[in-house]
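Structure assessment
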Amino acid sequence: MEYKKWKRTTNRKKGFFLLALMAVVALTACGSSKERKMAPDSGMHHFREVEEVNLPEEEIAKADFVKMQGEFLFYTIEEEEAGKQKTGLYMVSMPDGEKTRLLDTMEGMEGEIQFLQDVCMNGEEVYLCFNRPDSVGEDGTEGTGVLCIRRMDLSGSIKGESTVPGSDIYYGMAVDRDGIVYIGQKRGNSVCISVIGSDGNIQNEIMVQEDAGKLIQLGDGSCATAIGQGTSYTVIPITPEGMQKEHAWTLPSEIVSVWTEDTLCYQNQSDLYLYHPAEKTTEKYMNFTESGISGARVYQTGLLSDGSIAVLERDYRDGEFSYVLHLLKEITEEKAEEEKVIIIACLDATRMLEERVNAYNQSQKDYKIRIQNYSSDEMDPEDSRSNFTLALNTDSGIDMVFLYDDNNWWSEYETMKEYAQKGNFQNLYDLMDTDFGKNDLLPNICKACEVNGELAFLPVGFSVRTVIGRTAETGEKEGWSFEELCAFADTLKGEGQLCSEWDKQKAFDFAMRLAYGALVDVENHTCSFDSERFAGILHFTDAFPEEVQQTDGESSYRQFGEKRSALSELYMAEFGNLALYVAVSGADEKLNFIGYPSETGNGAQLLMRNLIGITNNCRDKRAAWDFIKTFYIEPDDYSMEYLDRGFSAGRAKFDALCEKAQKEKADNYFDIRVEEPLDRETVEKAKNMILNTDTVYGNIPTRITEIVEEETMRYFSGEKQAEETMQIIQNRVQTYLEETR
């Protein structure tokens, strides 16, 4: 088998992909008779290699139910035998991949079996929970059904069976060390936990007023339930007598599973954390990406009896799921240290980055890239951002920087540029070669990412913001000045026809989109908000209402198509966005990119996301550049193409998108149907507009735009006059520029 090695680090990470509370998930702490290895001490480093277990992939891809439990992976598939539909239950031994058919759900059961709800293990016994419909009631409607709990050994022999009334909502099953079964279901406005004794009879019904989560089998053989509280859960031990609220504890995550007798674990995106209820302490244990596993694909995890970590990946593509099972086994530090490592620092790693890192690590053996994150669910976004910024300026061990900030996306470019201006980034031009050089990138994107003539960073993808109009009304001139915009507005009859969805704030934002560059000189620390130009922009908003009531479900596309708006702002992350405007306007209507009002250029603006650069301290800049290049080379893997959103800065990939737009029609948008691909003339016009855009959104410090917005709100509401507003903004912005000199 092919092995992938990785070394554990101690980074934190923001959580995002949290599946159902698989508390009983495969962590074998609740029943295997074999001795278990305890989780390592928090201060130790652990090194593991990855072994991929052979699974019956075609079968599992069609499975209705998949769950890790104990040493086994259980799944069900629909089968046909003698013209009858059956559901077969299989289990795969995770240590060796051996498959066993446990039972056919039709065999020995009274009545029709609808589907398998759950599987639990207690020692060497398997507990199955089936859902079975009731017979049709007197009023002709189908009943809510019953739940059938069957106890079996690993050979498939039935040891016992019992039933409880069913419900519309099922919350899970857990089994304690004494064979007591707990079944959670919705009952009215509460959750009812039925307690079933080893004799098969219901001993008690525990009513939970809160919205309970999954039931959990704890490592000491007891059980618990989890009460949802936002993104965290309160775990409450339960006994046949009721809930033990005095012994409850809270976990900062939606997913929890048993690790050892006194330890639980939970997942935060690609990081796995251990939680010790007795001490109420948390430690990071491992990072999935370091072993070539995407955190976004991790479906279930488990600790096996030999100390191996079982990780089940699930991916959805082309209408079906696929599964891969990994076993992570410990190796020596000496063996792990043979690897050369490149650290990429992230505020928040995306699935796209994880997939790219995994693909790169698997493609060569010389280097391994590891992701180091500075955010987590428990941290305030501002604290995460502060930690990330501090690390960029103080940590000499960072080789690369990847910035994606979903909570503050408008400042990504500003943050990277500020870091580059301090001389912290390697000039990417110096690393380019004949394999992939400057000519393989879009020149306007490179120009926008230059600092002092050096290419400091690049965006993985970008989009373009501009303004479109109908050529019959606007003419063919691209790139309007503010005076030309005002002259066009004067030719329109009726209030609000320039753009029917604009209120004063939106009209102001539109006029100011590119005006900041003319009103603020950051480099020379001057501004001119007391100028006639800014006065003209303020008075431009006078013609618009303070608030516009939008019709539910109404889109900018539809308003433009029905000619209730002469202009419309186009946010283009793909040609499909433009195709929708073409669809609503009609094939005979020609569109023009007039842009935002500006004295120079075409009036369009770049929005760049997922920015990546190489630090001057990078241990191997050539290897880091080899990784960056993978974002811009035309991918063969569909999943990569899907994940790399927006236009590519790579020339080949960008040209391929232009060709694709002329061959394949874009997706429909609600009631807007796209019947044909874009014609060559439209694509070429859009392509030229994109390639001639180098103004970047976020090129002005965020604090300046905040000051302007704060003060203009008072003007829009009538609280302040234009002259007073202009002077206040001028003074505040000038003071800011002086303070940041």
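Each chain has its residues counted from 1, running along the sequence as written. At least 70 in pLDDT is required for a residue's local features to be given in this predicted model, at least 80 for side-chain atom pairs to be given and counted, and no such filter applies to totals for whole chains, interfaces and linings, which use all residues. Side-chain measures were taken over the full set of non-hydrogen atoms in the model, leaving aside hydrogen atoms and water.

**A few points about the sheet that holds strand β14 (residues 202-208)**
- Here a strand pair is declared whenever DSSP counts at least two bridges between the two strands. Strands here are runs of E lasting at least two residues and helices are runs of H or I lasting at least four, both read from the DSSP assignment and numbered beginning at the N terminus. Ordered by their spatial adjacency, four strands build an open sheet running β11-β12-β13-β14, and the pairing between neighbours is antiparallel. This sheet does not close on itself; its edge strands, each paired only once, are β11 (170-175) and β14. Averaged over all pairs of adjacent strands, the angle between strand axes in this sheet comes to 20 degrees, irrespective of strand direction.
- Bridge count for strand β13 (residues 190-196) against β14 is six bridges, and the pairing is antiparallel. In the sheet register, Ile-196 faces β14, and the bridge partner there is Ile-202. Axes, fitted as lines to C-alpha atoms, cover a helix only where it is in contact. Angles between the N-to-C directions of the axes lie from 0 to 180 degrees.

**A look at the packing of helix α3 (residues 351-363) against helix α14 (residues 621-629)**
- Contact pair α3 / α14: the axes reach a minimum separation of 10 Å and the direction vectors enclose 120 degrees. Looking at the two axes, α3 sits oblique to α14. Note that α3 runs across α14; the crossing there is right-handed. Facing Leu-353, Arg-356, Val-357 and Tyr-360 of α3, the residues of α14 in contact are Ala-623, Asp-626 and Phe-627.
- For the contact of α3 with α14, the class distribution of residues is five nonpolar, no polar and two charged. Small angles under 35 degrees read as roughly parallel and large ones over 145 as roughly antiparallel, with 65 to 115 read as roughly perpendicular and the rest as oblique. Put simply, a crossing is left-handed when the front helix is turned counterclockwise from the back one by less than a right angle, and right-handed when it is turned clockwise. In this description, contact between two residues means that some pair of their heavy atoms is separated by no more than 4.5 Å. Each residue is assigned to one of three groups, with Ala, Val, Leu, Ile, Met, Phe, Trp, Tyr, Cys and Pro labelled nonpolar, Asp, Glu, Lys and Arg labelled charged, and all others, Gly among them, labelled polar.

**Overview of the nonpolar core**
- Only buried residues count toward a nonpolar core, which is a set of Ala, Val, Leu, Ile, Met, Phe, Trp, Tyr and Cys residues joined through side-chain atoms within 4.5 Å. The classification of residues rests on relative accessible area computed with a 1.4 Å probe and restricted to protein chains. Under 20% of the type maximum is buried, over 50% is exposed, and intermediate values are partly exposed. Counting 88 residues, the largest nonpolar core has Ile-344, Leu-353, Phe-462 and Phe-627 as the members making the most contacts within it.
- Residue contributions to this core peak at six residues, all from helix α13 (residues 575-585).
- Excluding residues that lie within four positions of it along the chain, Leu-353 makes contacts with Ile-344, Cys-346, Ile-371, Phe-402, Phe-627 and Phe-631.
- Formed by 42 residues, the second largest nonpolar core is a distinct cluster that contains Phe-482, Trp-502, Ile-700 and Tyr-736.

**Focus on the pairing of strand β10 (residues 158-165)**
- As defined by bridge partners, strand β9 (residues 146-153) adjoins β10 across seven bridges and the pair is classed as antiparallel. Of the residues in β10, the one forming a bridge with Ile-149 is Ser-162.
- Hairpin connection from β9 to β10: four residues lie between these consecutive antiparallel strands, with Gly-156 at a positive phi of about 100 degrees.

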